[in-house]
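Here is what each chain is made of, one letter per residue.
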Amino acid sequence: MASMNEFGNNLYTGKTSFPFVGKRRLWFIIAIILVAGSALVPLIRPIQFSIEFTGGSQFTVQAPDSTEQQTATDAVQSVVPGAATKVVVVSGSDIRVQTDQMSAEETQQVSDALAEAYGVEPESVTSSFIGPAWGENVTKQSLWGLAIFLALTFLILAIYFRTWKMSAAAIIGLLDVLVITVGVYALAGFEISPAAVIGFLTILSYSLYDTTVVFDKIRENTTEDGENSARLFGESVNLAVNQTLVRSINTSVVAALPVGAVLFIGAFWLGAESLTDISLSIFVGILVATYSTLFVAAPLYSLFRENEPQIKARDEKVREAREKAAVEA
């Protein structure tokens with residue numbers, strides 16, 4: 001415990017420092033590779049959208065004697081040959097079948113075929129239908145929600161920090177989190193469902209919170225420096241990130257552990273897809289958000305500001321003072 005406290009104190013005073021700003025070119029290259037890789041994931045493994053987005057018919061066979069998924073596929077194909085079919089086991093004992101849109105007659109025939117195939121009463125097979133218009137509406141609302149969130153985030157941060165450059169760095173960090181999280185989500189083979197969308201928006205809020213805390217410390221350090229600062233602007237930014245590093249790690253661990261527990265329970269114990277969808281997006285997003293704040297947003301803000309005439313002149317004065325001190329030494 002003492003060594004951990006000493007480590008935190010050293011980070012705060014600058015005695016120990018991780019080069020978040022000094023090696024930003026390396027971090028930016030890694031970030032570009034991760035974003036590009038995530039963007040290319042759909043070419044290798046196409047993103048799967050849930051029935052709420054695509055529309056279609058859904059059947060649920062309650063408590064069959066067998067949970068063999070091929071049985072459901074064969075039953076559907078016997079009524080509608082060539083119909084696209086997705087079969088999953090839910091809650092460990094039920095069978096859920098999703099197909100393309102079917103007519104009322106086809107829906108009844110498929111229900112009867114599933115009941116016969118699994119040896120259950122017809123009443124044990126329930127069916128529902130989600131039209132393409134409803135799915136299109138859900139998609140539009142999700143995109144509108146994301147756009148409004150990003151716009152309000154940019155505006156509020158610009159007002160709070162009194163500079164659009166912090167807002168720009170924060171938004172780029174948020175987009176980095178979103179793209180990588182969706183890429184990991186698609187790579188894992190999970191469907192994009194309304195629950196997953198809620199998880200994505202939740203993790204953007206978490207990322208915004210983490211970024212705001214770090215940026216607030218950056219503003220404090222760079223404001224206190226004044227004209228007679230002995231540090232370069234980038235060094236002040238880097239010190240602020242190091243001063244909040246332990247807090248960022250602790251917050252991420254505390255947030256990720258319960259979400260990871262929910263993910264494990266939802267995926268492997270209860271088989272509850274809604275829990276799995278939302279917890280996976282939040283779990284991955286928490287880890288990515290912490291990385292993005294430290295290695296993308298903060299160094300990017302420093303890059304945006306370093307070429308401003310006033311800051312550039314102050315940094316040049318600091319370099320000249322250091323060179324003079326080195327010569328005199």
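Here the structure is a predicted model, which is why all the values come from computation and not from measurement.

On to the packing of helix α4 (residues 69-79) against helix α5 (residues 104-118), then. The interhelical angle for the contact between α4 and α5, taken along N-to-C directions, is 140°, at an axis separation of 9 Å. Classified by the angle between their axes, α4 and α5 sit oblique to one another. When you trace α4 past α5, the crossing you get is right-handed. Of the residues in α5, those touching α4 at Gln69, Thr71, Ala72, Ala75, Val76, Ser78 and Val79 are Glu106, Gln109, Val110, Ala113, Leu114, Ala117 and Tyr118. Residue composition of the contact of α4 with α5, grouped by class: 9 nonpolar, 4 polar and 1 charged.

Side chains of Trp144, Ile148, Leu152 and Ile156 sit close together on the surface and give an oily, nonpolar patch of about 460 Å² of accessible area. Within the element layout of this structure, Ile156 appears in helix α6 (residues 132-161).

Secondary-structure assignment places Asn238 in helix α9 (residues 233-243). Looking at Asn238, the relative accessible area reads 9%, which means it is buried. Not counting residues within four places of it along the chain, the set of residues in contact with Asn238 comprises Ser17, Phe18, Pro19, Phe20, Val21 and Gly22.

Now for the packing of helix α2 (residues 24-44) against helix α7 (residues 164-187). Contact geometry of α2 with α7 gives a least axis separation of 8 Å together with a crossing angle of 45°. Comparing the axis directions of α2 and α7 gives the class oblique. α2 and α7 meet at a crossing whose hand is left-handed. Every residue of α7 that contacts α2 at Ala31, Leu34, Val35, Ser38, Ala39 and Val41 is listed here: Asp176, Val179, Ile180, Gly183, Ala186 and Leu187. Here the contact of α2 with α7 is built from residues that sort into 9 nonpolar, 2 polar and 1 charged.

Looking at the secondary structure, you find Ile171 in helix α7. With 14 residues separating them along the chain, Ile171 and Leu157 place their C-alpha atoms 9.6 Å apart. Sequence-distant contacts of Ile171, defined by excluding residues within four places in its chain, comprise Leu150, Thr153 and Phe154.

Cut-offs applied
Residues numbered from 1 in each chain as written. Predicted model: local features only at pLDDT ≥ 70, side-chain atom pairs only at ≥ 80, totals over all residues. Heavy atoms only, no water. Axes fitted to C-alpha atoms, helices over the stretch in contact; angles between N-to-C directions. Helix = DSSP H or I, 4+ residues; strand = E, 2+ residues; numbered from the N terminus. Parallel < 35°, antiparallel > 145°, perpendicular 65-115°, else oblique. Left-handed = near helix turned anticlockwise from the far one by under 90°. Contact = heavy atoms within 4.5 Å. Nonpolar A, V, L, I, M, F, W, Y, C, P; charged D, E, K, R; others polar. Patch = residues over 30% accessible without salt bridge, like charges linked within 9 Å, V, L, I, M, F, W, Y side chains within 5 Å. Areas by Shrake-Rupley, 256 points an atom, 1.4 Å probe, with all protein chains shown as cover. Salt bridge = Lys/Arg side-chain N within 4 Å of Asp/Glu carboxyl O. Buried < 20%, exposed > 50% of the residue type's maximum accessible area, 1.4 Å probe, protein only.

Such coordinate-based values are descriptive only and should not be taken to indicate function.
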